[in-house]
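Chain and residue survey
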Amino acid sequence: MKKFGEIALGVVTSIGGFLEVGSIATSAQAGSEFGFQLGWAVLVGSVALMFLMEMSGRLSAVTTRTFADQLRERFGIRGFLLPLVAVLAVSFLVLSSEIGGVAIALQMATGVGFRVWALPIAFLGWLVLWRGTFGTVEKGAAMLGLVSIVFAIAAAALHPRWSSIAAGLVPSAPAHDRARYWYLALSILGASISPYLYFFYSSGAVEDKWTTEHLSVNRVTASLGNIFGGGLALMGVVVAALVFLPRGIRVERYEQLGMLLTPALHHPGFVFFLATLGITCFGTTLEITLSLAYVLAQGLGWTWSENLRPSRDSRFSTTYTITIFLAAIPILLGADVLKLTNVSMVLTAASLPLSVLPLIVLMNDREVMERHVNGIAGNVALVAIAIMSVVLFVVAVPLQIMGGG
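Residues numbered from 1 in each chain as written. Predicted model: local features only at pLDDT ≥ 70, side-chain atom pairs only at ≥ 80, totals over all residues. Heavy atoms only, no water.

1. Observations regarding the overall build of the chain
Within the chain one finds 17 helices and zero strands. Relative to a compact globule of 405 residues, whose C-alpha radius of gyration would be 22 Å, the chain shows 20 Å and is just as compact. Counting only C-alpha atoms and orienting by the principal axes, one finds that the chain spans roughly 55 × 45 × 45 Å. Surface accessibility of the chain: about 15,900 Å² in total, with carbon and sulfur atoms responsible for 68%. For the chain, the distance from the average site of its 24 positive side-chain charges to the average site of its 21 negative ones is 1 Å. (Helix = DSSP H or I, 4+ residues; strand = E, 2+ residues; numbered from the N terminus. Rg over C-alpha atoms; globule rule 2.2 N^0.38 Å. Areas by Shrake-Rupley, 256 points an atom, 1.4 Å probe, with all protein chains shown as cover. Lys, Arg positive; Asp, Glu negative; His and termini not counted. Charge placed at Lys NZ, Arg CZ, Asp CG, Glu CD.)

Next up, the structure:
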């Protein structure tokens, strides 16, 4: 019964934590410009993340150490330095865009400019991390994030043709603007497969003291959580395709997204959209800030845990304190939040090989994984993700330039 409770809570947490500023923005852009055609990118991203989270969670459950710890030990500090810098850099940009997402939600709710909210958001996030525990971040914010289910409700209320949605899950050539199509596909994949997600998941497994007894919990949580969470992102594409595309609305500012749910749900749709944007972005702000502190502390061999008092892991707590306030500066200075989001998603996709390729080595190392090494299916999936990540690395900058980013 206890294990069933852990699985149920883990799945709910994963669903509530899936949608954030990148998924909301890229799904809306995709639907408004290409209808259901880019549904396949959401599907591919969700499945890829499912495998990466399951493997990073299994790695931590078997070894009782994090993915970052294993990277440093297996490849040495020099071999770990490049993935460390890449993850820190792209995750920092994503963190700034998440703070921007909360600020935009508050601006739309109050009429007060988003720049004013940057430092208060950072302070509130820091206060939660300083006073809270890992459970506060992992479960509390994500449970509130279940408000994002409103996207599925809105999609159903608009009565889409489900056969057309299913057709969009199969890749097809666009009828217009191919560069923009592939640029948005890249952005969606970056939003879905952010490295901070599986580094955070791995650290969470250690925080929660997972062992090999939790392998089934890990498998079900990673699978169902990403299936349902990816489904919500797909519903974002569907709603935008039904609301924005017929009206010729191209998403160029976050403020336009405020009307996304109103045709289906009227004024409550506006309120629920602001709640979804603000809550999910704030929850992700906490997760990314912690993830950055985790990766740096684990890479440098510091004491770390969100469950410890800040005085007992002072370098770890200092890291997340500095990080969250630095990430608020671009928003304070008036950065274009939507452009920052798109750029950070593309760079995230480009950085994937630096963390995915080493995972292939670790998951097939019997000295590390013992009898829990990858099977044939796992290796096929991981190699496919690795090949995709290398392709994304090669095409990221050209598509950024050609696709209007």
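2. As for the nonpolar core
Ranked by internal contacts, the top residues of the largest apolar core, which has 132 residues, are Leu38, Tyr198, Phe273 and Leu290. Here this core gets 16 residues from one element, more than from any other, and that element is helix α12 (residues 262-300). (Core = buried A, V, L, I, M, F, W, Y, C linked by side-chain atoms within 4.5 Å. Buried < 20%, exposed > 50% of the residue type's maximum accessible area, 1.4 Å probe, protein only.)

3. Notes on the packing of helix α4 (residues 67-110) against helix α15 (residues 353-363)
Look at α4 against α15: their axes get within 10 Å of each other, and the N-to-C directions meet at 165 degrees. For the element pair α4 / α15, the angle class is roughly antiparallel. Helix-helix and strand crossings are classified by hand; for α4 and α15 the assignment is right-handed. When α4 is examined against α15, the residues Phe67, Gln70, Leu71, Arg74, Phe75, Leu82, Pro83 and Ala86 are found in contact with a partner set consisting of Leu354, Ser355, Pro358, Leu359, Val361 and Leu362. Taken together, the residues of the contact of α4 with α15 sort by class into eleven nonpolar, two polar and one charged. (Axes fitted to C-alpha atoms, helices over the stretch in contact; angles between N-to-C directions. Parallel < 35°, antiparallel > 145°, perpendicular 65-115°, else oblique. Left-handed = near helix turned anticlockwise from the far one by under 90°. Contact = heavy atoms within 4.5 Å. Nonpolar A, V, L, I, M, F, W, Y, C, P; charged D, E, K, R; others polar.)

4. Remarks on the pattern of salt bridges
According to the stated counting rule, one finds six salt bridges in the structure shown. With a shortest N-O distance of 2.4 Å, glutamate 73 and arginine 65 are connected by a salt bridge. Under the relative-accessibility criterion, glutamate 73 is labelled exposed at 53%. Judged by its relative accessible area of 26%, arginine 65 is partly exposed. Here arginine 74 ties to aspartate 365 by a salt bridge, and the two come within 3.1 Å at their closest N and O atoms. (Salt bridge = Lys/Arg side-chain N within 4 Å of Asp/Glu carboxyl O.)

5. So, the side chain of threonine 348
For threonine 348, the location among the structural elements is in helix α14 (residues 337-351). Exposure remark for threonine 348: the relative accessible area of 1% places this residue in the buried category. The residues touching threonine 348, leaving out its near neighbours within four places in the chain, are Val90, Val94, Gly190, Ile193, Ser194 and Pro195.

6. Observations regarding the side chain of threonine 289
With respect to the secondary-structure elements, threonine 289 resides in helix α12. Residue threonine 289 is classed as buried on the basis of its relative accessible area, which comes to 0%. At 2.7 Å, the side chain of threonine 289 forms a polar contact with the backbone oxygen of threonine 285. (Polar contact = N/O pair within 3.5 Å; in protein donor to acceptor, adjacent residues only side chain to side chain.)

7. With respect to empty space enclosed by the protein
By rolling a water-sized probe across the atoms, one finds the places where empty space is left. For the coordinates displayed, the defined rule picks out three cavities of 30 Å³ or more. By volume, the second largest cavity is sized at about 40 Å³. As for the second largest cavity, its lining consists of Leu19, Ser23, Ile24, Ser27, Ala28, Phe151, Leu232, Gly236 and Leu260. Going through the elements one at a time, α2 (21-34) and α11 (215-243) are the ones with two or more residues in the lining of the second largest cavity. The dominant element in the lining of the second largest cavity, judged by the number of residues it contributes, is α2, at four residues. Residues belonging to the lining of the second largest cavity are distributed by class as follows: six nonpolar, three polar and no charged. (1 Å grid on protein atoms, 1.4 Å probe; cavity = no way out; pocket = protein on both sides within 12 Å on 5 of 7 lines; lining within 4 Å. Points joined across faces, edges and corners; volume = space filled by probe spheres on them.)

8. Focus: helix α7 (residues 150-157)
Taken residue by residue, α7 has Val150, Phe151, Ala154 and Ala155 as its buried positions. Along the axis of α7, the buried positions cluster into a sector of 140 degrees, meaning they face one direction only. At its buried positions, α7 is contacted by α11 and α12. With its phi angle positive at about 55 degrees, histidine 159 sits one or two positions after the end of α7. (Arc of directions from axis to C-beta.)

9. Structural notes on the packing of α7 against α12
Following both chains from N to C, one finds α7 and α12 inclined at 155 degrees, their axes separated by 10 Å at the closest point. The angle between α7 and α12 places the two elements in the roughly antiparallel class. Remark: the crossing between α7 and α12 carries left-handed chirality. Contacts between α7 and α12 involve Val150, Phe151, Ile153, Ala154 and Ala157 from the first element and Ala264, Leu265, Phe272, Phe273 and Thr276 from the second.

10. Digging into a nonpolar patch on the surface
A contiguous nonpolar surface patch, about 520 Å² in accessible area, is contributed by Leu119, Ile322, Leu326, Ile329, Leu332 and Leu333. The element best represented in the nonpolar patch is helix α13 (residues 314-332), accounting for four residues. Looking at the element boundaries, isoleucine 329 is found in helix α13. (Patch = residues over 30% accessible without salt bridge, like charges linked within 9 Å, V, L, I, M, F, W, Y side chains within 5 Å.)

11. Quick notes on the packing of aromatic side chains
This structure, assessed with the given rule, holds 15 aromatic pairs. Consider the rings of phenylalanine 34 and tyrosine 181, whose centres lie 5.3 Å apart with planes at 80 degrees: the pair is edge-to-face. Taken together, the residues phenylalanine 34 in helix α2 and tyrosine 181 in helix α9 (residues 178-192) connect sequence positions 147 residues apart. For the pair formed by phenylalanine 34 and tyrosine 181, the shared burial category is buried. (Phe/Tyr/Trp six-rings, centres within 6.5 Å; stacked < 30°, edge-to-face > 60°.)

12. Observations regarding the environment of methionine 53
Among the secondary structure elements, methionine 53 is positioned in helix α3 (residues 39-63). Those residues in contact with methionine 53 that sit more than four places away from it in its chain are Tyr198, Tyr201, Asn218, Ala222 and Asn226.

13. Details of unusual backbone geometry
We note that threonine 64 has phi near 55 degrees; this positive angle belongs to a residue other than glycine. Here threonine 64 shows up in the loop between α3 and α4. Taking the relative accessible area as the measure of exposure, threonine 64 reaches 49% and is therefore partly exposed. Of note, the phi angle at histidine 266 is positive, near 60 degrees, even though the residue is not glycine.

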